[in-house]
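So you can see what is in the structure, the chains are spelled out below.
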Amino acid sequence: MKNTIKSAALMLTLTALSGIDANAQEKSSAAKSKTEIQATHFNTIKVDGLNIFYREAGPKDAPVVLLLHGYPTSSHMYRNLIPILSKKYHVIAPDLPGFGFSDAPDHTQFDYTFDNLAKTMQGFIDQLGLKRFAIYVFDYGAPTGFRLALANPEKITGIISQNGNAYEEGLSSEWNPIQKYWKEPTQANRDALNIFVSKEVTQFQYFHGVADKSLIAPETYTLDQHFLDRPGNVEIQLDLVKDYRTNVALYPKFQEYFRTKKPMILAVWGDKDPYFLPAGAKAYKKDSPNAEVKFYDTGHFALETHVNEIGNDILKFLAKLPK
């Protein structure tokens, strides 16, 4: 009888230990899986002879979100957003030619226009085999991404515009010197815009409209300025500034796309942006009445101060999109 009781007790103990071990393994596996989902990979592929750097995270079989950065930054601006989105989505954030860690050939060797940036990004999505994706556009990423949308309407599941303009009412008076250059593309007017790539203007873009400036990480504007200060980069940026007029000319086509293709749109906007006014966010509703428009008490680089709020709003939006 005693042996039977001892055997039963031993069996119960082994079963309990086995359960604990199984639970521990399950928790360890879940933790490992979560870590893998959040890990960001740093890759480079060749597109039309250019090395294009990109950040990638999240499950490969999850819906894709393509993040397109603006001026004067790179995919580095998404470093805090990527872990938020990559828990459920396959996130890809490239550096445009002339920016970040992608190649920046001399402006005499590469045509720095938004048509050409979009052409390179078309090659990028083709090489990665992206069939369907939501697109997040910011600043220069907007005219680049909207060109991709015009060319690939069947691929776009939804649009997130963070201070990415598509309406003339969104342009502030800060564009006046640039518009003067568009109308009179003289060397004198071009030279007057050299300040556009200065350290002071780069920091102005990060700090203007930000209530708590201690939230702005110094590596942001420092890294951006490092790339801006590369030999020949001033000419690259002034070429793009000059070509920005083609984006304004395309606004009616972008707006027609919103009306006819009816993509779901979320506009998340720093309402103290010195370049792109809140009116530009509200204007999306003219052509897309169901567009969601959300404002945050911050400036141009809204992710630097409000990444958690914006990230949560994006997750809610993405959950509504068609697969």
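Rules of the game
Sequence order as written defines the numbering, with residues in each chain counted from 1. The predicted origin of the model limits local features to residues at a pLDDT of at least 70 and limits the giving and counting of side-chain atom pairs to 80 or more, whereas totals for whole chains, interfaces and linings rest on all residues. Heavy atoms from the whole structure form the basis of all side-chain values; hydrogens and water molecules are not counted. Any carboxyl oxygen of Asp or Glu that lies within 4 Å of a side-chain nitrogen of Lys or Arg is treated as forming a salt bridge with it. For helices the rule is a DSSP run of H or I covering at least 4 residues; for strands it is a run of E covering at least 2, with both sets numbered from the N terminus onward. Only protein chains enter the calculation, and the probe is 1.4 Å; a residue is then buried if its accessible area is under 20% of its type maximum, exposed if over 50%, and partly exposed in between. Grouping buried Ala, Val, Leu, Ile, Met, Phe, Trp, Tyr and Cys residues that are joined through side-chain atoms within 4.5 Å yields what is termed a nonpolar core. Contact between two residues is taken to exist if any of their heavy atoms lie within 4.5 Å; hydrogens are not considered. Confidence of the predictor at the level of single residues is captured by pLDDT, which takes values from 0 to 100.

A. Structural detail: the pattern of salt bridges. The final tally for this structure, using the stated rule, is 10 salt bridges. As a salt-bridge pair, lysine 272 and aspartate 297 come within 2.7 Å of each other at their nearest N and O atoms. Placement of the pair is lysine 272 in the loop between strand E7 (265-270) and helix H11 (278-282) and aspartate 297 in the loop between strand E8 (292-296) and helix H13 (303-318), with a sequence separation of 25 residues. Residue classification places lysine 272 among the partly exposed positions, given a relative accessible area of 35%. Among the residues examined, aspartate 297 registers a relative accessible area of 45% and is labelled partly exposed.

B. Quick look at the nonpolar core. Counting residues in each nonpolar core, the largest one holds 62 residues, and the members touching the most others are Leu66, Phe124, Tyr140, Phe146, Tyr244, Phe258 and Tyr284. Sequence-distant contacts of tyrosine 140, defined by excluding residues within four places in its chain, comprise His69, Gly70, Tyr71, Phe99, Phe114, Phe196, Gln237, Leu240, Val241 and Tyr244. Membership of the second largest hydrophobic core comes to 33 residues, among which are Tyr78, Tyr89, Val91 and Leu321.

C. Representation of helix H7 (residues 199-207) within the structure. Looking at H7, one finds that the buried residues are Val201, Thr202, Gln205, Tyr206 and Phe207. For H7, the secondary structure elements touched by its buried residues are helix H8 (218-228) and H13. Where H7 ends, the next residue or the one after it, glycine 209, has phi of about 80°, a positive value.

D. Layout of the confidence of the model for the protein chain. Chain-level statistics for the protein chain give a pLDDT mean of 91 and a share of 88% at 70 or above. Contacts from residues 24-35, a stretch scored under 50 in pLDDT, to residues over four places away or in other chains number zero contacts.

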